[in-house]
Structures are given as structure tokens and as C-alpha cells.
Amino acid sequence: MVDRTWRATRAIRCMAALITFFCLMAHNAMAEGLVSQHQTSVEQSGFTLKTPPKIAILFYDRRTDGGWMASFETARLKLQKELGLEIAFEQSVTESPSRVIVATERFITEGYNIIIGTGSYYSDTFQLLASRHPDIAFLNAAGSTNAPNLQSFYGRTFDSHYLCGIAASAMSKRHKIGYIAARDVPVVNWGVNGFMLGVRHHDPDGKVMVIYDDDWANPRRETDNTNALIDMGADVIGQHVNTPTPQIIAQMRGVLSTGHHRDMSDVAPDATICSSIWNWNRYLLPELKKIMAGNWHPDPEGALPSFRDGPTDIALNTKLVPEDIQRMVMEERQALIEGKDIFAGPLSDRTGERIIGSGSMLTKGQLLEMNWHMPGIEIYEAPKQEDYK
């Protein structure tokens, strides 16, 4: 009797253990299922349009400015063909918040749900609008704000200016090179530094004379400052401004130049040896397709794609640049495509202060805060107007 009781007790305990085991297995399976559902939910939590895509672009100046705006107009026309959609636009939407808000709200009222901006000073206003309209996708070139439905984007123009610097140094006969820069801000400074590194890739002792215009588009200042650099002996003029004025003056004065924003050899074919150019459609086409596909996840730090994948490139004027120099430039272009980092350490600024050590590279944050200049850069003040009287 005792033996039977013991056996029965053991059987009950075994049964209880089995029930507990299977309950735990079921609980774990349920938990894994909930985790999987949560992960899927997170993965699907990106931005998705609620209506068919309608795209509009805001130009802060005329589409025919010959520089920054013209590069976006070229992209707009290409994107229309590639996407099979009409892309609406409004010109001269100045960077005042009220003007940007009025233009954007009008497009949204008309059913447009993807808005592209073209100005750094749109940043705060676009952030406000993105918060106000969570169902609208916003993209802003050269912007500094981002959100779940807003992405700022730019390109690594330091790479394309690096290539222009190589060409400028190789084509200079006097070994005196000038550069007209718009403003003392990071996205201009990194182009100046990239240009300098290109010059020194060809000539380790090369120098670049730089004058800042303190304006994005001011043909009068650009004329005065380009003339000043040529008077100082420069026989090649690089630039990062929004107009082709430096190219025009260079051609009038019989010297060479490198352009910015677009291929400026059409404006000054006898002076423009190359240009740092924008192919905005190369970035915007896949990004717009991501938005249209749904579950879009903007980069919280803004998009700064590689030279291979991004919107920057070089246009060489093969009528002016000899084949051996073309090969030199294109070999470095291929190196950039393969991942070369022109700002690989060690790096010091022109005062000798160490920026990064050997084996290090500049982070995106360091690039976007660049307020220093490479050794070899000589900065000159813009001439005063009375100097030309």
C-alpha cells in the first residue's frame, strides 16, 4: 500500500513537472512572438505617405541664376523624366520664415505631400512645418534640421574641390592660385581645404590665396575680389560662390579658373578648366523612391552621402586640360569612388594646431563644424571700394 502511494505521488510530481515545462515553453513562445511583433512594428514605424506622391520644390532665387539654383533646376527636369511625375516649383522664395511658410502651405493645400527646399536658412522653418504637417515629407538642401518626416542633405564638395585643386595646380604656370569663397562657414571652408589638399597633391609646396566675399551671390564683390587676386599674380582662380562671375572675369583677364555648382565652361569656355558640379538627381532620385515606397527613415543627423553615392562630381574641360592632367585627376576621382578620405589624419591647421592624429578621420560632426584652414592657405581681406576709385 505504501509502495503504491509512493509511486502515485511520484507520477503526480512528474506530471506536474511536465505541465510546468510545457507552460514555460508556451510562455516563451508567446513572449518571442510579442517581441517579434514589436520588432516588426518598429521596423514599420517609418514615415509613409497617405496619398499618391505630389512633389514641389522651392527655389530661394531665380532658377536661372547660373549656379546653385540652376543646378536644382537641372535636377528637377531630370527627375520629372525619371519618375514620370510633374514637379511643381516656385521661384524666389526668399529665406524669410513668412515667405517659406506661405509658399509651402499653398502647395500643401493643393495636395502636394513632398516638399523640397534649397536653402540653409529654410532649416528652422522646415522643422516647424514638419511638426505642423506630420503627413508631409520634407527634404532640404544644405539644411541643419531633421525630424521623422524631414531630412536635410548635402554633398561632399570637399572631394570635388580636391579634384579641382589638382587640376588648378597642374595648369598654373606661375604657381600662384587664388580662390573666391562666399562665406566663412563650414560647407565653404571644407571646399577651400579640399582645394588646398588637391593643390598640394600635385605641388607639396603649393599655396592658395583666399578672399571671402561674405555673401553667397554678389557679382560686384566677386568682380572686385577676382580682379584683386589676379593683380596679386594668380593665374588660376577657384571659387565657391553662387554665380559664374569669377569665370567671366578670369576669361576677360586671360587667366584660368575652376567653377562651382555646375559646369561653367559654357559661360567661360576659354578660362574654365573644370568645375565642382552638383548632380542632385543622383541623390534625390533614390531618396524620393524611398519616400514613395513607404517606411522612410530620415537620417537623424542629416544625409551626407559618399562621393560614390552622393551628388558631387567634377566636370573637366577636355578642350583646355591636357590628357596627362586629365588622367591624373581621373585617377584620384576613382580613388575617391573607392573610398579615399582626403581628410585622413594626421591633420593640423595653418597655425600648427593638431586637428586629428595619424590613423584618425574627421567625423561628420567635425566636418559640419569646420572653422579652420589647412596649411598653405593665405587669407586676404576683400579690397575696399575706394581702392577702385
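Given the structure is predicted, the values throughout are model-derived calculations rather than measurements. (Residues numbered from 1 in each chain as written. Predicted model: local features only at pLDDT ≥ 70, side-chain atom pairs only at ≥ 80, totals over all residues. Heavy atoms only, no water.)

Notes on unusual backbone geometry
So, point 1. Across the junction of Gly 345 and Pro 346, the peptide omega takes the value 5°, indicating a cis bond.
So, point 2. Looking at where Pro 346 falls in the secondary structure, it is placed in the loop between helix H10 (323-337) and strand E12 (347-348).
So, point 3. Of note, the phi angle at Ala 142 is positive, near 65°, even though the residue is not glycine.
So, point 4. Following the sequence through the fold, Ala 142 ends up in the loop between strand E4 (137-141) and strand E5 (150-153).
So, point 5. The backbone of His 261 sits at a positive phi, close to 80°, despite the residue not being glycine.
So, point 6. Positionally, His 261 belongs in strand E9 (residues 256-261). (Helix = DSSP H or I, 4+ residues; strand = E, 2+ residues; numbered from the N terminus.)

A word on the nonpolar core
So, point 1. Trp 280 and Leu 288 are the most contacted members of the largest nonpolar core, which has 106 residues in total.
So, point 2. Here this core gets 9 residues from one element, more than from any other, and that element is helix H5 (residues 157-171).
So, point 3. Among residues more than four places away in sequence, those in contact with Trp 280 are Trp 68, Ser 71, Phe 72, Ala 75, Ala 141, Phe 153, Tyr 154 and Pro 311. (Core = buried A, V, L, I, M, F, W, Y, C linked by side-chain atoms within 4.5 Å. Buried < 20%, exposed > 50% of the residue type's maximum accessible area, 1.4 Å probe, protein only. Contact = heavy atoms within 4.5 Å.)

Side note on the side chain of Glu 90
So, point 1. Topologically, Glu 90 is positioned in strand E2 (residues 87-90).
So, point 2. Side chain to side chain, Glu 90 and Arg 106 meet in a polar contact 2.5 Å long.
So, point 3. Beyond its immediate sequence surroundings of up to four residues, Glu 90 is in contact with Ile 57, Leu 58, Phe 59, Arg 99, Ala 103, Arg 106 and Phe 107. (Polar contact = N/O pair within 3.5 Å; in protein donor to acceptor, adjacent residues only side chain to side chain.)

Observations regarding the state of the cysteines
So, point 1. Counted according to the given criterion, the structure contains 0 disulfides.
So, point 2. Left without a disulfide partner, Cys 164 is nearest to the cysteine sulfur of Cys 274, which lies 3.3 Å away.
So, point 3. Residue Cys 274 is classed as buried on the basis of its relative accessible area of 1%. (Disulfide = S-S within 2.5 Å.)

What about the environment of Leu 256?
So, point 1. Relative to the elements of secondary structure, Leu 256 occurs in strand E9.
So, point 2. With a relative accessible area of 18%, Leu 256 lands in the buried category.
So, point 3. Measuring from C-alpha to C-alpha, the distance between Leu 256 and Val 236 comes to 4.5 Å, with 20 residues separating the pair along the chain.
So, point 4. For Leu 256, the residues in contact, after removing those within four places along its chain, are Met 171, Asp 235, Val 236, Ile 237, Ala 250, Asp 270, Ala 271 and Ile 273.

Honestly, it's all geometry; don't read function into it.
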